[in-house]
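Listed below, chain by chain, are the residues.
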Amino acid sequence: MSQSTLPILIFILPLAGTLMIALGLAPRFVAILTTGLMAFCSVALWIAYTLTPGGFQFVFTIPVVSKLDISFKTGVDGLGVLMLFLTSIVSVAAMAIRPGVETRPRLYYICLLLISAGAAGAFSSLDLFFFYSFHELALIPTFLLIGIWGHGNRTTAAWRATIYLGVGSFVLLIGLIAMIFSLSPEARTFDITELLKTKATASLPPETQSWIFLLLLLGFGSLVSLVPFHSWAPHAYASAPAPAAMLHAGVLKKFGLLGLIRVAQPLLPAGAETWLHPLLVLLCLNVVFIGLATVSQRKLDLMLGYSSVMHMGYLFLGIAAWGAGVLGPVGTATLILAHGLSVALLFGLAGEIRSKVGTLEFSETGGLATKLPLLAFFFSLAAFASIGLPGFANFPGELMVFAAGFKAAAGGSDGVAPFHIAVGVALLGVLISAIYMLRAFGSLFLGKPHIRLAPDVRDTCLGNRLVFSLLTIALLLFGFAPGLVTALVAPSIEAIGSFAGTP
Amino acid sequence: MFNALYLELFVVLLGVLMLLAESFIGRHTNRVYIALGGAVGLLVVLFLTSVSGVPPEAASWPAWNFYSPDPQAKIFKQIALAITILVLLMASDFIPVLTKFLPAEHPNAGIGEFFALPVFICAGLMWMASAVHFLMIFVAIELVTITFYILVAYQRRNLLSLEAGVKYLILGALSTGILVYGITWIYGVTGSFHLETIALRLPDVAEGDGKALLFGFGLVLIGILFKVGAAPFHIWIPDVYQGAAAPVTALLSVGSKAAGVIVLLRVLECGFASPMLRAELATALQWFAALTLLVGNLAALPQSNAKRLLAYSSIAHAGFVLMAVASVFGSELTGPAIAFYLGAYLLMTALAFHVLTLVTASTGSDEISAFNGLSSRSPFLAFAMTVALLSLAGVPLTVGFFGKLLVFIPAIQAGMLPLVIIGALGVAAGLYYYLKILRAMFWLLPEEGSHIKIGKVSIAVLSVLATLILGLGVLPLPLMGLVGYY
């Protein structure tokens, strides 16, 4: 087997898993086995990836439709390696975490594996057609997961999320088609690397770039829950079973960011320039407006849902600051990993608390730390990570993003550049997250218990302890050694930028 | 080379043979074999179609003035044959429902005819695909429509079916009248029924006759759009689709639509010879496409009957096809793109209706609630239906997505932004109403827990269709080659 099939193997594994489950093998075992192999392969991929000179490696191509220049092309650059790593780590965690489900485990694990396969497939595709298609693979499983095994107002949440994501991705599709078919016939291709190399899209007239970029921004943006296209996310995550929320908020959502970094921003520089200021306004709204909405939540699951929307603001800020050098997008990449891990950890913990306590209302819980000390311990670590305290991977990510924002602001000619305001507002967000996270910890675990736990409730089981430790250790590892990530992604982002002529 | 003119004759002959078989075999012989025989016969014709053409010794026959054996006709004939074969197989699963609603002299009465009539329709559809002469177009359409009148009203003890038959008869006759009236106006101005001749004479038409010509083409357009099922000429569709037997509905929604589309393309190609007509007709088509997309998709949202939902969805799909038609001949690939869309539509509609047929035969209902808990009553059927629905909704990695991609490309290229936006809204709405059935299958619990039994032939057909939908969704080249998209 040639090495270039390694990325393919990573998304074939969960697909094979669905098949094995459909054929009758034990679902939970197969799910953990295949995602475990995935994780193994993605670590191997990271090791095998040549850091310098970076760029796209492990490229594998089969032409599919020559007329439209669609080919099944897979491969990874540093960013891709990072995304695949995140996908497989969170996938293992999501499959292994307890409680699983009692009803219809087959369908349940098939759905989870499909989300994981869709994400991994999208992250390793270098052809826009398959990049887009793989992401859609996760649409229906999400619908079923929320609808069948969800909590609370699951019907509304499932419909809303599915329709939002469906429409968002269709807008995205129209944008992609418009971008490709605005090119002269000989430059038309769905191949991302080819588009980056020829820079054909960068020479489109600015007005064309501008409206196409708008479509892409709306499409990718609604998938990443950019305000005002965010309203699907909090309720979907609150209602979804914990593993689905972990996979979706932790991994799948990052598809839109990858799309912005790899496609929209570098391919349409003039369009990106036009929409820079509106994007800054929206991302500030993400941080402050949603941040305040998060503070006002009275229930842990909804609060986590809102907080994951809020944090997207920082990630957008990093991309917006690309004009001042690669620091911004590298920060975003670090945050993609950090946020993915920390949000997965939080949703996993929330799921376990729900199953043990039966409610996630702040007013009904309290003092859980005495009965569930280990859960409290992990939750505090996850909360610290989410706030962005030093030592966790979120910290270097946020630091880079803010530094890039200041750099971009310094580059502006005016006295107070829009970036000054944006960074200032975003910094407020750190305070806001500290408020809601610490309050959540306090009302859940400290103080007087408002609820009497059943006598047979034990602290978190060994399996879950392993899962939580895995995620926490990863967060700490990249918190103490952020150089691992920057060395991996910086050359690739530099390459993407220089391909397409962005500074 | 096989003489293309004989293809339809073979099909008619096959229909006659099936009728004869029905009258001569014993009362208690299983009629399924008639359907299977018919399917095999059509399969042979399907093969012959691919090797058919004009043999040198027949090149001077006057029949070619009426009948064109061009590649496009071939594709649409193959679509007609394929759907008829699938409908015959579907119909053999429909027997239990059919016997319930037929006046029973004996249990097998009237079933053989039910299998033979679609074959005659198939012949009509094939003639429509080749017709390049208004007389031929008219006669072929009538063969199809009149046979459909019988088939739609076939379940004589089912009130819905009778009502559907009457509605279809009245509106169908009206639309034929409009079509013929339009043809006479065109003849009045140009002095010919032959499309090619008309196209040649169009540029020389006197200025004052322009209005008359537009009137004529407008009427013909309306007559054809009625067959295609485009809004605002769609009023008949929901009731007729709901009332007719599920296999008949499948034939109606694929066969009738596809044949209507090729006639539409031919008439437009002819009309576009005049720049004035070109401008007017293209505008009209954009409006019709927009309206069809809106009506089909929005009206499908509140439906609770699966057949009615699929009826509105078929209007919506007509809208997507019209969207590409409205950009007509903006690129040489528009025709093949439309054919690809219809080919994909054939696969997914046949699959959806086949599952619907089996569910109806088992539960006696064609409401969406009949699908409740299908995933536990028959995981295989639920899987097949999921594939069909996802493809209909245009989710990637299914052939339906490629179809959507190919029809959206010419529309985006032609810069018809409002239409594209309406189309995108339509896709969003489609996601909702198709998922409604998906939700019923996976999410809700069955009202009755009975397991659904499926015959071997049906399992084979469903598996082949589902495999084709998924396979062509990843590697669409075979179908693209077939329709000439290269």
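Everything numeric here is computed off the predicted structure, so don't read it as measured data.

Cut-offs used in this document
Residues numbered from 1 in each chain as written. Chains lettered and ligands numbered in written order. Predicted model: local features only at pLDDT ≥ 70, side-chain atom pairs only at ≥ 80, totals over all residues. Heavy atoms only, no water. Helix = DSSP H or I, 4+ residues; strand = E, 2+ residues; numbered from the N terminus. Rg over C-alpha atoms; globule rule 2.2 N^0.38 Å. Buried < 20%, exposed > 50% of the residue type's maximum accessible area, 1.4 Å probe, protein only. Contact = heavy atoms within 4.5 Å. Areas by Shrake-Rupley, 256 points an atom, 1.4 Å probe, with all protein chains shown as cover. Lys, Arg positive; Asp, Glu negative; His and termini not counted. Charge placed at Lys NZ, Arg CZ, Asp CG, Glu CD. 1 Å grid on protein atoms, 1.4 Å probe; cavity = no way out; pocket = protein on both sides within 12 Å on 5 of 7 lines; lining within 4 Å. Points joined across faces, edges and corners; volume = space filled by probe spheres on them. Nonpolar A, V, L, I, M, F, W, Y, C, P; charged D, E, K, R; others polar. Expected span 1.5 Å × (residues − 1). Arc of directions from axis to C-beta. Salt bridge = Lys/Arg side-chain N within 4 Å of Asp/Glu carboxyl O. Axes fitted to C-alpha atoms, helices over the stretch in contact; angles between N-to-C directions. Parallel < 35°, antiparallel > 145°, perpendicular 65-115°, else oblique. Left-handed = near helix turned anticlockwise from the far one by under 90°. Buried area = accessible area lost by both parts, 1.4 Å probe. Polar contact = N/O pair within 3.5 Å; in protein donor to acceptor, adjacent residues only side chain to side chain. pLDDT = per-residue confidence, 0-100. Pairing = 2+ DSSP bridges. Phe/Tyr/Trp six-rings, centres within 6.5 Å; stacked < 30°, edge-to-face > 60°. Lys NZ or Arg CZ within 6 Å of the ring centre and 35° of its normal.

1. Thoughts on the overall build of chain A
Here comes step 1: Scanning chain A from terminus to terminus reveals 22 helices and two strands.
Here comes step 2: Computed over its C-alpha atoms, the radius of gyration of chain A comes to 21 Å, within 12% of the 23 Å expected for a compact globule of 503 residues.
Here comes step 3: Taking the principal axes of the C-alpha coordinates as reference, chain A spans close to 70 × 60 × 40 Å.
Here comes step 4: Buried positions account for 65% of the 503 residues belonging to chain A.
Here comes step 5: The contacts of chain A with a sequence gap of at least 6 include a subset with a gap of at least 24, amounting to 82%.
Here comes step 6: Taken as a whole, chain A presents about 16100 Å² of accessible surface, with 70% of it coming from carbon and sulfur.
Here comes step 7: Taken together, the 25 basic and 19 acidic charged side chains of chain A have centroids lying 12 Å from each other.

2. Section: the layout of surface pockets
Here comes step 1: What the largest pocket holds in volume is close to 1600 Å³.
Here comes step 2: In this structure, the largest pocket is lined by 39 residues; those nearest its centre are T18, A22, I110 and L114 of chain A together with F383 of chain B.
Here comes step 3: Contributing elements (two or more residues each) for the lining of the largest pocket: α1 (6-22), α4 (105-124), α5 (128-136) and α6 (139-149) of chain A together with α15 (374-377), α16 (379-393) and α19 (456-474) of chain B.
Here comes step 4: Of the residues forming the lining of the largest pocket, the biggest block, eight residues, is contributed by α1 of chain A.
Here comes step 5: A per-class count over the lining of the largest pocket returns 31 nonpolar, five polar and three charged.
Here comes step 6: Of the voids in this model, the second largest pocket is the one considered here, and its volume is about 650 Å³.
Here comes step 7: Surrounding the second largest pocket, 25 residues form its lining, A82, L346, L347, L468 and L482 of chain B being those nearest its centre.
Here comes step 8: Of all the elements in the fold, those that place two or more residues in the lining of the second largest pocket are α2 (32-50), α3 (71-93), α14 (334-363), α19 and α20 (477-483) of chain B.
Here comes step 9: Here the lining of the second largest pocket gets seven residues from one element, more than from any other, and that element is α3 of chain B.

3. What about helix α21 (residues 462-480) of chain A?
Residue and element names in this part refer to chain A.
Here comes step 1: Taking 1.5 Å per residue, 19 residues should reach 27 Å; α21 reaches 26 Å between its end C-alpha atoms and fits that length.
Here comes step 2: Every buried residue of α21 is listed here: N464, V467, F468, L471, T472, A474, L475, F478 and G479. Seen end-on, α21 carries its buried residues on one side only, within an arc spanning 150 degrees. When the buried face of α21 is taken as reference, the exposed residues oriented beyond 90 degrees from it are L462, L466, I473 and F480.

4. Topic: empty space enclosed by the protein
Here comes step 1: The full count for this structure, using the stated rule, is eleven cavities of 30 Å³ or more.
Here comes step 2: A volume near 80 Å³ is recorded for the largest cavity.
Here comes step 3: Taken together, 13 residues line the largest cavity, and the ones lying closest to its centre are E136, G166 and F170 of chain A together with G394 and V427 of chain B.
Here comes step 4: Of all the elements in the fold, those that place two or more residues in the lining of the largest cavity are α5 and α7 (154-181) of chain A together with α18 (417-442) of chain B.
Here comes step 5: Tallying contributions element by element places α7 of chain A first for the lining of the largest cavity, with three residues.
Here comes step 6: Split by residue class, the lining of the largest cavity holds nine nonpolar, three polar and one charged.
Here comes step 7: If you add up the space inside the second largest cavity, you get close to 70 Å³.

5. Observations regarding the pattern of salt bridges
Residues and elements named next belong to chain B.
Here comes step 1: Here the structure, examined in full by the defined rule, presents twelve salt bridges over all chains.
Here comes step 2: Between E8 and K77 there is a salt bridge, and its shortest N-O distance comes to 3.1 Å. One end of the pair, E8, is in helix α1 (residues 5-24); the other, K77, is in helix α3, with 69 residues separating them in the sequence. With respect to burial, E8 and K77 carry one shared label: buried.
Here comes step 3: For D239, the salt bridge is made with R308, and the minimal N-O distance between the two is 2.9 Å. Here D239, found in helix α10 (residues 236-243), pairs with R308, found in helix α13 (residues 306-326); they are 69 residues apart in sequence, far enough to count as distant.

6. Observations regarding the packing of α13 of chain B against α18 of chain B
Residue and element names in this part refer to chain B.
Here comes step 1: Packing of α13 against α18 leaves a shortest axis separation of 11 Å and a crossing angle of 155 degrees. As judged from the angle between their axes, α13 and α18 are roughly antiparallel. Two packed elements cross with a definite hand, and for α13 against α18 that hand is left-handed. In contact with L309, S313, A316, H317, F320, M323 and A326 of α13, α18 contributes L419, G423, G426, V427, Y433, Y434, K436 and I437.
Here comes step 2: Residues belonging to the contact of α13 with α18 are distributed by class as follows: ten nonpolar, four polar and one charged.

7. Side note on the interface of chain A and chain B
Here comes step 1: In this complex, chain A contributes 34 residues to the contact, which on the side of chain B involves 34 residues.
Here comes step 2: Taken over both partners, the interface formed by chain A and chain B buries close to 3100 Å², and the fraction arising from carbon and sulfur atoms is 86%.
Here comes step 3: Viewed at the interface, chain B and chain A are joined by zero salt bridges.
Here comes step 4: At the junction of chain A with chain B, the criterion picks out three residue pairs in polar contact (both at pLDDT 80 or more).

8. Structural notes on the side chain of K307 of chain B
Residues and elements named next belong to chain B.
Here comes step 1: With respect to the helices and strands, K307 occurs in helix α13.
Here comes step 2: Of note is the side chain of K307, whose polar atom sits 2.7 Å from the backbone oxygen of A244.
Here comes step 3: Excluding residues that lie within four positions of it along the chain, K307 makes contacts with Y241, Q242, A244, A245, A246, T249, F353, L356 and D366.

9. Quick notes on the confidence of the model for chain B
Here comes step 1: When the pLDDT values of chain B are averaged, the result is 91; 99% of them are 70 or greater.
Here comes step 2: By mean pLDDT, helix α4 (residues 95-100) of chain B is the weakest element of chain B at 85, and helix α6 (residues 134-152) of chain B is the strongest at 95.

10. Considerations on the environment of Y6 of chain B
All names here are of chain B.
Here comes step 1: As for its position among the elements, Y6 is in helix α1.
Here comes step 2: Y6 sits in the partly exposed class, given a relative accessible area of 35%.
Here comes step 3: Between the C-alpha atoms of Y6 and A73, which are 67 residues apart in sequence, the distance is 14 Å.

11. Thoughts on helix α11 (residues 246-271) of chain B
Here comes step 1: If you check α11 of chain B, its first and last C-alpha atoms are 36 Å apart, about what 26 residues at 1.5 Å a residue would give, namely 38 Å.
Here comes step 2: Of all 26 residues in α11 of chain B, 25 are buried, a share of seventy percent or more.

12. Focus: the pairing of strand β1 (residues 57-65) of chain A
All names here are of chain A.
Here comes step 1: Sheet topology places β1 next to strand β2 (residues 70-76); six bridges connect them, and they run antiparallel. Within β2, the residue paired with V65 across the bridge is I70.
Here comes step 2: Between β1 and β2, which pair antiparallel in sequence order, lie four residues; one of them, D69, sits at a positive phi of approximately 55 degrees.

13. A few points about the packing of aromatic side chains
Here comes step 1: This model, assessed by the stated rule, comprises 45 aromatic pairs over all chains.
Here comes step 2: Note on Y132 of chain A and F401 of chain B: the rings are 5.8 Å apart at their centroids and 20 degrees apart in plane angle, and the pair reads as stacked. Taken together, the residues span two chains, with Y132 of chain A in helix α5 and F401 of chain B in helix α17 (residues 399-413). The burial state of Y132 of chain A is the same as that of F401 of chain B; both residues are buried.
Here comes step 3: Relative to F215 of chain B, the ring of Y181 of chain B lies with its centre 6.2 Å away and its plane at 90 degrees, an arrangement referred to as edge-to-face. Of this pair, Y181 of chain B sits in helix α7 (residues 159-190) while F215 of chain B sits in helix α9 (residues 210-228), and the two are 34 residues apart along the sequence.
Here comes step 4: Of the residues examined, Y181 of chain B reaches a relative accessible area of 43% and is grouped as partly exposed.
Here comes step 5: Across from the ring centre of W443 of chain B, 5.1 Å away, lies the NZ or CZ of R439 of chain B, which sits over that ring.

14. Some points on the packing of α5 of chain A against α7 of chain A
All names here are of chain A.
Here comes step 1: At their nearest, the axes of α5 and α7 sit 11 Å apart, and the two run at 175 degrees to each other. The pairing of α5 with α7 is recorded here as roughly antiparallel in orientation. Only S169, F170, L172, L173, L176, M179 and I180 of α7 make contact with α5, whose side of the interface consists of L128, Y132 and E136.

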